[in-house]
Amino acid sequence: MTIIANSQLANVFSPNLESITSRTDGSLPTLGAELVYTQDAAGRYLTFCWQYNDLLGLNTEKIVDELNQAQTFAPVDKVTYLERLHRILTSLMPERFQCWFSYHQELFELELVISPIMPSLGTAATTVLVMGRLLQATLNKKQVRVTSRKPTQIELVLRSQQHQKLVNRITRNIRRTLDLDIIWQQTVDSLGKALGLERCIICRPYQPCSSKVKVMAEYHQPELTSMLGSQEIDIDSEPAFAQALATLEPVVIEVPGYTESGRQKTLVVATCYQDQANGLVALTWQDECYTLTESELELAKEAADQLGTAIAHATLYKELEAARQKAEEASRLKSEFLANVSHEIRTPLNGMIGFLKLILEGMADDPEEQNQFLTEAHHLSIHLLNIINDILDIAKIEAGKMELVYAPVKLDELFSDVENFMRPQAEMRNLSFRMQMPATSDEIIVQSNYQRLLQVMLNLLGNAIKFTHEGGVTVSADLVLKKAKANFQGQQFPGMVRVRVADTGIGVSLDKQDKLFQLFSQVDGSRTRQYGGTGLGLAISQKLVEAMGGEVHFYSLGEGLGSTVTFTVPLYQQPVMVSSSDSDSINSCEC
């Protein structure tokens, strides 16, 4: 594993030899550098000081003697190093370069600046001052694979420095974007490449309370199979995942005998924001020489916290962006709605004014024609009143001021009134009109508001007739009896009554059906203008039915294939059913 050091190289200067080599203990001031030593032309150390002296186990009082006698800290390529040393002493010009040094079983890459120590006039330079810093350190790979051992102190320090740099880099990267896909992929790539991992994944729950997580981003070695795509991880079958989510603390697990060369280790840490977990990071590597320290686990937790914060911020940004787009769409729909409504209001109003003006100016040829003008004006006024009522209803619903009084309603009386209103309209368009009641031996009574229930049915049937050119409209009802009683406004009811309004009309394409119940939204602007209407009928019907304890659903297989709208209301009391052989429309009991 490669470890990067953190120190800064001091500025190079050429000090006086006497002031530096006069120390009797062989040491010298660091001069602000991480590594400082002096050597003669043969490469023998005169003084030596490194901030890692203690970690390397060097005796400060006898450090020069130890280095010169045992040659424990020396350039790997001594010949090239000495050639450079002699060139600097001859030219009296400092040089900066990188060089590998060995110390027992460890290798250190150093960045060095060698400067000649200026002699007295007329004499040759014989000594150099070397200042440098550590770039990276590696272990003897043969030894590492043969035996497992505890890391030295310097390895731990260098590892800690590398990991802190890695956390800082990940933090910088995730702060540059609010795109979650980029954040996830950059994080796993950074961790995987820097730490030489076998695999690194980031997972996220499908839902806050879900027991499954999905792999959102992955880094893995080429020989491994990817876990991206449809791969799911069941938290219940992975104790480490469950523990990390529950405690918000890093969890390390081992798999002994994973390969012939050693054990596999996995670090699992939960990402979180405000003490709430919002993801998981799992890192897998081949354990060949060391275990993670407490400080490294803390760094892992810090990185996960940074990632969790980034996930929360990116998610919030997406939600805000979606809300902004939704607000813009709502504003656009309201503008279109106002334009359509103004047209819908002007049309009957202009008709009323026109017919009344004809009467006032005596343009009617006879009393019969005058009566016809008044009838048309009356119909237009009713249409205008319905439009205004729709607008007022939706305003009340939006303001939360729609108050409904509930009472038992006889379904046959409701159907009779609906038929009296709508059958003439259907017959005027040469459409068939059928109404079917469930087969029961007594009355079906629902708990609802009669006027609002009538309004819903008139809205649905009005749409069905308006958008049907041939064929007909069928209204039917059936009972949905439940073992577990339905609750509404603190009362229990034996079940629901489901009413269907089916037509053979123009239908609605599948990709446009989600717009049907949106306020101020119309499926097709040009078609709506052709057929007229404010686009509020279904939205009002849905909200009224929901206020009465039911649900509304729309079904259509596509354009030209007709439509079916169903809604439910609570069944006040269970009627006595006729035998199943005589019944065609009673549903089987539902749990």
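Here the residue numbers are simple positions, counted from 1 along each chain's written sequence. For this predicted model, a pLDDT threshold of at least 70 governs which residues receive local features, and a threshold of 80 or more governs which side-chain atom pairs are given and counted, while totals over whole chains, interfaces and linings are taken from all residues. Water and hydrogen atoms play no part in the side-chain values, which are based on all heavy atoms of the structure.

J.: Quick one: what's the story with the overall build of the protein, residue by residue and with numbers?
T.: Helix and strand definitions follow DSSP, with helices as H or I runs of at least four residues and strands as E runs of at least two, each counted in order from the N terminus. If you tally the helices and strands in the protein, you get 14 helices and 20 strands. Counting every position in the protein, which comprises 591 residues, the buried fraction comes to 45%. Pairs of residues are marked as contacts when any of their non-hydrogen atoms sit within 4.5 Å. Across the protein, contacts joining residues at least 24 apart in sequence account for 65% of those joining residues at least 6 apart. Computed with a 1.4 Å probe, the accessible areas rest on the Shrake-Rupley method; for each residue, only the protein chains presented here act as cover. Summed over all atoms, the accessible surface of the protein reaches about 31600 Å², with 52% contributed by carbon and sulfur. The cut-offs for exposure are 20% and 50% of the maximum accessible area for each residue type, with area from a 1.4 Å probe on protein chains only; residues under the lower value are buried, those over the upper are exposed, and the others partly exposed.

J.: Tell me about the packing of aromatic side chains, and name the residues and values.
T.: Pairing of aromatic rings covers Phe, Tyr and the six-membered ring of Trp, with a centre-to-centre limit of 6.5 Å; geometry is then stacked below 30 degrees between planes, edge-to-face above 60, and tilted otherwise. All chains considered together, the criterion is met by 11 aromatic pairs. Ring centres of Phe 48 and Phe 73 lie 5.6 Å apart, and the angle between their planes is 70°; this geometry places the pair in the edge-to-face category. A residue pair is termed long-range when its members are at least 10 positions apart, and Phe 48 in strand E3 (residues 45-50) and Phe 73 in strand E4 (residues 73-75) qualify at 25 residues. Grouping residues by exposure puts Phe 48 and Phe 73 together as buried. An aromatic cluster of three or more residues is present, and its members are Tyr 37, Tyr 45, Phe 48, Trp 50, Phe 73, Tyr 81, Phe 101 and Phe 108. In this analysis the charged atom, NZ for Lys or CZ for Arg, is taken to sit over a ring once it is within 6 Å of the ring centre and within 35 degrees of the ring normal. Note that Arg 84 overlies the ring of Phe 97, its terminal NZ or CZ placed 4.0 Å from the centroid.

J.: Provide a residue-level description of the nonpolar core, including the pertinent values.
T.: For the purposes of this section, nonpolar cores are sets of buried Ala, Val, Leu, Ile, Met, Phe, Trp, Tyr and Cys residues that join through side-chain atoms within 4.5 Å. By size, the foremost hydrophobic cluster in this structure holds 50 residues, and its most contacted members are Val 497 and Phe 567. Once residues within four sequence positions are removed from consideration, Phe 567 is found in contact with Leu 453, Val 456, Met 457, Leu 460, Val 497, Arg 498, Val 499, Val 545, Glu 551 and Val 552. With 27 residues, the next largest nonpolar core counts Phe 48, Tyr 81, Ile 88 and Phe 108 among its residues.

J.: Lay out helix H3 (residues 63-70) in plain terms, naming residues and giving numbers.
T.: Looking at H3, one finds that the buried residues are Ile 63, Val 64, Leu 67 and Asn 68. For H3, the buried positions fall inside an angular range of 120° around the axis, keeping them on one side. Residue Gln 71 follows H3 closely and has a positive phi angle near 50°. Summarising the geometry, the arc corresponds to the directions from the helix axis toward the C-beta atoms.

J.: Describe in detail the packing of helix H11 (residues 411-428) against helix H12 (residues 450-466), supporting the description with residues and values.
T.: Where H11 contacts H12, the axes come no closer than 10 Å and their chain directions differ by 30°. By the criterion of interaxial angle, the relationship of H11 to H12 is roughly parallel. Between H11 and H12 lies a crossing whose hand is right-handed. Between H11 and H12, the residues in contact are Glu 413, Leu 414, Phe 415, Asp 417, Val 418, Phe 421, Met 422, Gln 425 and Ala 426 and Tyr 450, Leu 453, Leu 454, Met 457, Leu 458, Leu 461, Gly 462 and Ile 465, respectively. Class assignment of the residues belonging to the contact of H11 with H12 gives a composition of 13 nonpolar, 2 polar and 2 charged. Note on definitions: angles span 0 to 180 degrees between N-to-C directions of axes, and those axes are lines fitted to C-alpha atoms, for helices only across the stretch in contact. By definition in this entry, angles of less than 35 degrees are roughly parallel, angles greater than 145 are roughly antiparallel, angles of 65 to 115 are roughly perpendicular, and the rest are oblique. Two helices crossing with the near one rotated counterclockwise from the far one by less than a right angle form a left-handed crossing, whereas a clockwise rotation gives a right-handed crossing. Amino acids outside the nonpolar list (Ala, Val, Leu, Ile, Met, Phe, Trp, Tyr, Cys, Pro) and the charged list (Asp, Glu, Lys, Arg) are all regarded as polar, and Gly is one of them.

J.: Talk me through the packing of H12 against helix H14 (residues 537-547); I want residue IDs and the actual numbers.
T.: Running from N to C, H12 and H14 cross one another at 150°; their axes reach a closest spacing of 9 Å. The orientation of H12 with respect to H14, classified from their angle, is roughly antiparallel. The crossing of H12 and H14 is left-handed. Within the contact between the two elements, H12 uses Arg 452, Gln 455, Val 456, Asn 459, Leu 460 and Asn 463 and H14 uses Gly 537, Leu 538, Ile 540, Ser 541, Leu 544 and Val 545.

J.: Lay out the pattern of salt bridges with the relevant residues and their values.
T.: By definition, a salt bridge exists where a carboxyl oxygen of Asp or Glu is found within 4 Å of a side-chain nitrogen of Lys or Arg. Summed over the entire model, instances satisfying the criterion amount to 15 salt bridges. A salt bridge links Glu 328 to Arg 324; the shortest N-O distance between them is 2.5 Å. With Glu 328 and Arg 324 both in helix H9 (residues 294-360), this residue pair falls 4 residues apart, about one helical turn. Residue classification places Glu 328 among the partly exposed residues on the basis of a relative accessible area of 45%. Here the salt bridges do not stand alone but share partners, grouping Arg 84, Arg 87 and Glu 95 into one network.

J.: Tell me about the pairing of strand E6 (residues 106-116), and please be specific about residues and values.
T.: Of all 11 residues making up E6, 10 are buried, and the element is well covered by its neighbours. The criterion for strand pairing is that DSSP finds at least two bridges linking the strands in question. The antiparallel hairpin formed by strand E5 (residues 95-103) and E6 contains 2 residues in its connecting segment, where His 104 sits at a positive phi of about 55°.

J.: Tell me what's going on with a nonpolar patch on the surface, and back it up with residues and numbers.
T.: Together, Val 76, Trp 100 and Leu 107 make up an exposed nonpolar region whose accessible area comes to about 240 Å². Note that Leu 107 resides in strand E6. Leu 107 sits in the partly exposed class, given a relative accessible area of 33%. To count toward a patch, a residue needs a relative accessible area above 30% and no salt bridge. Like charges then connect within 9 Å, nonpolar side chains (Val, Leu, Ile, Met, Phe, Trp, Tyr) within 5 Å.

J.: Tell me what's going on with a positive patch on the surface, and back it up with residues and numbers.
T.: A cluster of basic side chains, namely Lys 165, Arg 169, Arg 172 and Arg 176, defines a positive patch on the protein surface. Checked against the element boundaries, Arg 169 lands in helix H6 (residues 153-174). Positive charges come from Lys and Arg alone, negative charges from Asp and Glu alone, with His and the N- and C-terminal ends not counted. We put the charge of a Lys on NZ, of an Arg on CZ, of an Asp on CG and of a Glu on CD.

J.: Give me the lowdown on the side chain of Thr 271, citing residues and values where you can.
T.: Residue position: Thr 271 is located in strand E12 (residues 262-273). A 3.5 Å cut-off defines polar contacts: any pair of N or O atoms within that distance qualifies, except that in protein one atom must be a possible hydrogen donor and the other a possible acceptor, and neighbouring residues in sequence count only when both atoms are side-chain atoms. Side-chain polar atoms of Thr 271 contact the side chain of Asn 278, separated by 2.7 Å. Among all residues touching Thr 271, those that are not within four sequence positions of it are Gln 276, Ala 277, Asn 278, Gly 279, Leu 280, Val 281, Ala 304, Leu 307, Gly 308 and Ile 311.

J.: Break down the confidence of the model for the protein for me, with residues and values.
T.: Predicted confidence across the protein gives a mean pLDDT of 78, with 79% of residues reaching 70 or more. The predictor rates its confidence in each residue with pLDDT, a number between 0 and 100. Below a pLDDT of 50 lies the segment residues 257-261, which in the model reaches 8 contacts outside its immediate sequence neighbourhood of four places, other chains included. Confidence drops under pLDDT 50 across residues 583-591; counting only partners more than four residues distant or on other chains, this segment forms 20 contacts.

J.: How would you summarise unusual backbone geometry if you had to cite specific residues and measurements?
T.: Excluding glycine, residues mostly carry a negative phi; peptide bonds, for their part, are mostly trans. Here the phi dihedral of Leu 92 falls at roughly 60°; this positive angle occurs in a residue that is not glycine. In this structure, Leu 92 sits in the loop between helix H4 (78-91) and E5. Judged by relative accessible area, Leu 92 falls into the partly exposed class, the value being 34%. The phi angle at Gln 274 is positive, at roughly 55°, despite the residue not being glycine. By secondary structure assignment, the location of Gln 274 is in the loop between E12 and strand E13 (276-287).

J.: Tell me about a negative patch on the surface, residues and numbers included.
T.: A surface patch of negative charge is lined by Glu 249, Glu 294, Glu 298 and Glu 302. Considering the arrangement of structural elements, one finds Glu 249 in the loop between helix H8 (239-247) and strand E11 (251-259).

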